[in-house]
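Descriptive analysis of the structure
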Amino acid sequence: MPTSRTAVVTGLGAVTPYGIGVDSLWNGLLAGRSTARRITRFDPSDHAVQIACEVPGFEPTEYLPRRLARQLDPFAQYALVAAAEALGQAGLLAEADGMHWPANDQVDSRRVGVVIASGIGAIQEATDQHERLRTGGPGRVRPYLAIALPLNMAGGQVAIRHGLRGPNYSVVSACASATDAIGSALDLIRAGRADVVVAGGAEAAVNPLTIAGFAAAGALSRRNAEPARASRPFDIDRDGFVTGEGAGVVVLERPAHAAARDATVLAEVIGYGISNDAYHPTQPAPDGDGAIVALRLALDDAGLGTSDIDHINAHGTSTRLNDAAETVAVRTVFGNQTDRLPVTSTKSAIGHLLGAAGGVEAVATVMALADGVVPATLNLERRDPVCDLDVVVGEPRKQALRTALSSSFGFGGHNAVLAFQAV
Amino acid sequence: MTDPSRPSRPDPRIATALRDLFGIPESDLRADAELDADLHLDSLSVVELQVALEESTGVRINPEDPSAIRTLGDLQSVLEAAIATGQPAFPSLKLSEDR
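Once a new chain begins, its residue numbering starts again from 1 and follows that chain's sequence as written. Chains carry letters from A onward and ligands carry numbers from 1 onward, assigned in written order. Where local features are concerned, this predicted model is filtered to residues with pLDDT of at least 70; where side-chain atom pairs are given and counted, the filter is 80 or more; whole-chain, interface and lining totals use all residues. Hydrogens and water are ignored here; the side-chain numbers use all heavy atoms of the structure.

Along its length, chain A carries 13 helices and 15 strands. Our radius of gyration is a C-alpha quantity, and the globule rule it is checked against amounts to 2.2 Å times the number of residues to the power 0.38. Against the globule reference of 22 Å for 423 residues, chain A gives a C-alpha radius of gyration of 20 Å, in line with a compact fold. Over its C-alpha atoms, taken along the principal directions, chain A stretches across nearly 55 × 55 × 40 Å. Type-normalised accessible area, obtained with a 1.4 Å probe on protein chains alone, sets the label of each residue: buried when under 20%, exposed when over 50%, and partly exposed for intermediate values. Within chain A, the fraction of its 423 residues that count as buried is 63%. Taking all contacts inside chain A whose residues are at least 6 apart in sequence as the whole, residues at least 24 apart take part in 78%. The helix count covers DSSP runs of H or I at least four residues long, the strand count covers runs of E at least two residues long, and both are numbered beginning at the N terminus. Only heavy atoms matter for contacts: two residues are in contact if any of them lie within 4.5 Å across the pair.

Printed below as a string of structure tokens:
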């Protein structure tokens, strides 16, 4: 049962409002292009919130066999597309027979796991089939609901498609879900339960029910007339987050396992901190308490001090409460190191992907370390005095980066932080 | 149950459903093609197909013995019988035993 304290990243995959693939995500973030638009998934005319960051022009059968695509809610379709990209980059897709393992004799498929999270899951399937039940009766509900609805089916179908026979489950912690999925993957490798874990999150919640509910809760920006300016983390005029959709997946691997098969290592995951505010269902603890615990645990777990961290990919949702509380937490943990610490919010460009956010942000963090550049946060025009972090604005900031944190906080008081290291 | 004298061209509603649902090309649709072995339709997929056909025809497809439907020709006979009977669609369906 070989174990390791750390895991290396050998593959990345992304489906985001920029389109399909890590390249489109990273190029979009460096270009600083907003993806927020008027909603097209449904007619939003009656809704208080009419904007979102949708995955553009996604036709699942371009990427997945039709039969498989039919069995999946869009959230899981995104997961499968991102997972295939990540496995491909990791050199773990068999070429000979398409998609099935064993890709090579250096990998034991029983020791390849999958932990793919979602915050909400198959909301489109649920609402579509509920409508059929209401209008046509029970006989109109399709049997594939039984496999499209469960939240674990993203990871289950990834395993079935690629023949990955190791540990497989989902985790759910609202907007911290994908970060917790990657943390759980690190734990699996540390425990010796797996050599490789495909981990991340997927979400497809640009749906009238979700948008109406999150809007009613006051969580969403209502800047309908100016969608590109709506997601504005740390800005004094921020008024809520913009819902995004997509998936972000990483392939984590035991370092010696990756070395033995000469895999290209993109970065290393060296620490994971997890906590709960135990305070309020939606509001963060105003003193940043739970986030402080998670940040400190991630540092301790990685064996790093505050002076060792070079960059934070913030949760940075663009809600009034998160950005203020997150600032308090970062300032409390990093003290006088805070002012030299470049911070960015990926959500300023692609919105808040909820349970997938931490997956896409992990991809962005790995790319930042690999390329030595921090993408800018969009729309930070007038900094809120209570958000006095060194948020990168304007152009991407080129800077040698050795280590970075990626933070995710979720409804329910969930806090999760990952520590990454460049290679 | 398959009548070998049947024309090999499948009912267009079946052909459309198989293409749209599962990506099965019309060239694969011989009357003696087995739903399971040749078209790779598991029990869940057969019910999915049944729901789609009930929707496109508006009639209930409720064979006396569903397990007797083994080939595409069998399915076509059942569909034609259902259309002849003309029972309205969407009473409760037999549930799949797949887990």
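Once you've had a look at it, read on.
Moving on, we come to empty space enclosed by the protein. Residue and element names in this part refer to chain A. Here a cavity denotes grid points, spaced 1 Å and computed from the protein atoms alone, that fit a 1.4 Å probe unable to get out, and a pocket denotes an open set having protein on both sides within 12 Å along at least 5 of 7 lines; residues with an atom within 4 Å of a point are the lining. Grid points are joined across faces, edges and corners, and a volume is the space filled by probe spheres set on the points. Applying the stated criterion to the full structure yields two cavities of 30 Å³ or more. Considered as a void within the structure, the largest cavity measures approximately 50 Å³ in volume. Forming the boundary of the largest cavity are 13 residues, of which Leu29, Asn313, Thr344, Thr346 and Pro375 lie nearest the centre. Residue assignment for the lining of the largest cavity shows that the elements contributing at least two residues are helix H1 (22–31), helix H12 (347–350) and helix H13 (357–371).

Right, let's get into the packing of H1 of chain A against H13 of chain A. Residues and elements named next belong to chain A. Packing of H1 against H13 leaves a shortest axis separation of 11 Å and a crossing angle of 70°. Accordingly, the angle class assigned to the pair H1 and H13 is roughly perpendicular. Residues Val22, Leu25, Trp26 and Leu29 of H1 pack against Val360, Val363, Ala364, Met367, Ala368 and Asp371 of H13. Residue composition of the contact of H1 with H13, by class: nine nonpolar, no polar and one charged. Helix axes are fitted only over the stretch in contact, all axes being lines through C-alpha atoms; the angle between N-to-C directions runs from 0 to 180 degrees. Put simply, angles under 35 degrees are roughly parallel, angles over 145 are roughly antiparallel, angles from 65 to 115 are roughly perpendicular, and the rest are oblique. The nonpolar class holds Ala, Val, Leu, Ile, Met, Phe, Trp, Tyr, Cys and Pro. Asp, Glu, Lys and Arg form the charged class, and all remaining residues, Gly among them, are polar.

Let's shift gears to the packing of aromatic side chains. Two measures describe an aromatic ring pair: the distance that separates the ring centres and the angle between the ring planes. The criterion for an aromatic pair is that two Phe, Tyr or Trp rings (for Trp, the six-membered ring) have centres within 6.5 Å, with stacked assigned to planes under 30 degrees apart, edge-to-face to planes over 60 apart and tilted to the rest. Here the structure, examined in full by the defined rule, presents five aromatic pairs over all chains. Aromatic pair Tyr144 of chain A and Phe22 of chain B: ring centres 6.4 Å apart, planes at 75°, arrangement edge-to-face. With Tyr144 of chain A in the loop between helix H4 (123–136) and helix H5 (145–148) and Phe22 of chain B in helix H1 (residues 12–22), this pair bridges two chains. This pair shows no difference in class: Tyr144 of chain A is buried, exactly as Phe22 of chain B is. Pairing Phe214 of chain A with Phe411 of chain A gives two aromatic rings, centres 6.1 Å apart and planes at 15°, and the pair type is stacked. Of this pair, Phe214 of chain A sits in helix H8 (residues 208–216) while Phe411 of chain A sits in the loop between strand S14 (403–410) and strand S15 (414–421), and the two are 197 residues apart along the sequence. A relative accessible area of 31% means that Phe411 of chain A is categorised as partly exposed. Here a set of aromatic residues connected by ring pairs shows up, and it is made of Phe58, Tyr63 and Tyr78 of chain A.

Our next topic: the interface of chain B and chain A. Interface size is commonly expressed as the accessible surface area that is lost when the partners come together. The interface of chain B with chain A comprises 18 residues on the first partner and 12 residues on the second. Salt bridge criterion: a side-chain nitrogen from Lys or Arg within 4 Å of a carboxyl oxygen from Asp or Glu. Put simply, chain B and chain A have four salt bridges between them. Two residues, Arg70 of chain A and Glu48 of chain B, come together in a salt bridge whose shortest N-O distance is 2.6 Å. Nitrogen and oxygen atoms within 3.5 Å of one another constitute a polar contact, given that in protein one can donate a hydrogen and the other can accept it, and given that sequence-neighbouring residues count only through two side-chain atoms. Applying the counting rule to chain B against chain A returns 10 residue pairs in polar contact (both at pLDDT 80 or more). Where the side of chain B that touches chain A is concerned, the elements lending two or more residues are H1 and helix H2 (43–57) of chain B. If you tally residues by element for the side of chain B that touches chain A, the top one is H2 of chain B, at six residues. Its residues placed into classes, the side of chain B that touches chain A shows 11 nonpolar, three polar and four charged.

Residue and element names in this part refer to chain A. Domain delimitation follows an automatic or database domain assignment. Under the domain assignment used here, chain A contains domain 1 (7–267) and domain 2 (270–421). Centre-to-centre separation of domain 1 and domain 2, based on C-alpha positions: 21 Å. The partner domain 2 presents 65 residues to the 65 residues of domain 1 that form the contact. Carbon and sulfur atoms make up 66% of the surface buried where domain 1 meets domain 2, a total of about 5000 Å² over both sides. A 1.4 Å probe defines the accessible area here, and the buried area is the portion of it lost by two parts on being joined, summed over both. Of all residues in domain 1, Trp26, Phe234 and Arg238 give up the largest surface area on contact with domain 2, accounting jointly for 19% of the area buried on that side. At the surface where domain 1 touches domain 2, the tally comes to six salt bridges. In this structure, the salt-bridge partner of Asp384 is Arg238, at a minimum N-O distance of 2.8 Å. On inspection of domain 1 and its partner domain 2, the count reaches 29 residue pairs in polar contact (both at pLDDT 80 or more). The set of elements that each furnish at least two residues to the side of domain 1 that touches domain 2 consists of strand S1 (7–16), H1, helix H7 (177–190), strand S7 (196–203) and strand S8 (246–253).

The next thing to look at is the pattern of salt bridges. With the rule as written, the count across this model stands at 32 salt bridges over all chains. As a salt-bridge pair, Arg142 of chain A and Glu48 of chain B come within 2.9 Å of each other at their nearest N and O atoms. Residue Arg142 of chain A is found in the loop between H4 and H5, and its partner Glu48 of chain B is found in helix H2; the two belong to separate chains. We note that Arg142 of chain A, like Glu48 of chain B, is buried. Salt bridges here are not isolated pairs; linked through shared partners, they connect Arg223, Glu226, Arg229, Arg232, Asp235 and Glu381 of chain A.

All names here are of chain A. In terms of nonpolar packing, the biggest core is built from 52 residues, with Val9, Leu12, Leu25, Val197, Val250 and Leu252 touching the most fellow members. In terms of residue count, H13 provides more of this core than any other element does, nine residues in total. Split by domain, the residues of this core number at least three in each of domain 1 (7–267) and domain 2 (270–421). For Val9, the contacting residues outside a window of four places in its chain are Val250, Val251, Leu252, Thr264, Val265, Leu266, Ala267, Val269 and Val366. Counting 35 residues, the second largest nonpolar core, distinct from the first, contains Tyr78, Val107, Leu164 and Ala204. Note on terminology: a nonpolar core comprises buried Ala, Val, Leu, Ile, Met, Phe, Trp, Tyr and Cys residues joined through side-chain atoms within 4.5 Å.

This part covers the layout of surface pockets. Put simply, the second largest pocket is a space of about 580 Å³. Lining the second largest pocket are 26 residues; nearest its centre among them are Ala69, Arg70 and Arg142 of chain A together with Leu21 and Glu48 of chain B. For the lining of the second largest pocket, the secondary-structure elements that each account for two or more residues are helix H2 (66–70), helix H3 (74–89) and H4 of chain A together with H1 and H2 of chain B. Tallying contributions element by element places H2 of chain B first for the lining of the second largest pocket, with six residues.

In this section: the environment of Ile51 of chain A. Residue and element names in this part refer to chain A. You can see Ile51 is positioned in strand S4 (residues 51–52). Sequence separation of Ile51 and Glu226 is 175 residues, and the distance between their C-alpha atoms is 9.0 Å. Discounting residues that sit within four places of it in the chain, Ile51 has contacts with Arg37, Arg38, Ile39, Ser221, Arg223, Asn224, Pro227, Ala230 and Val242.

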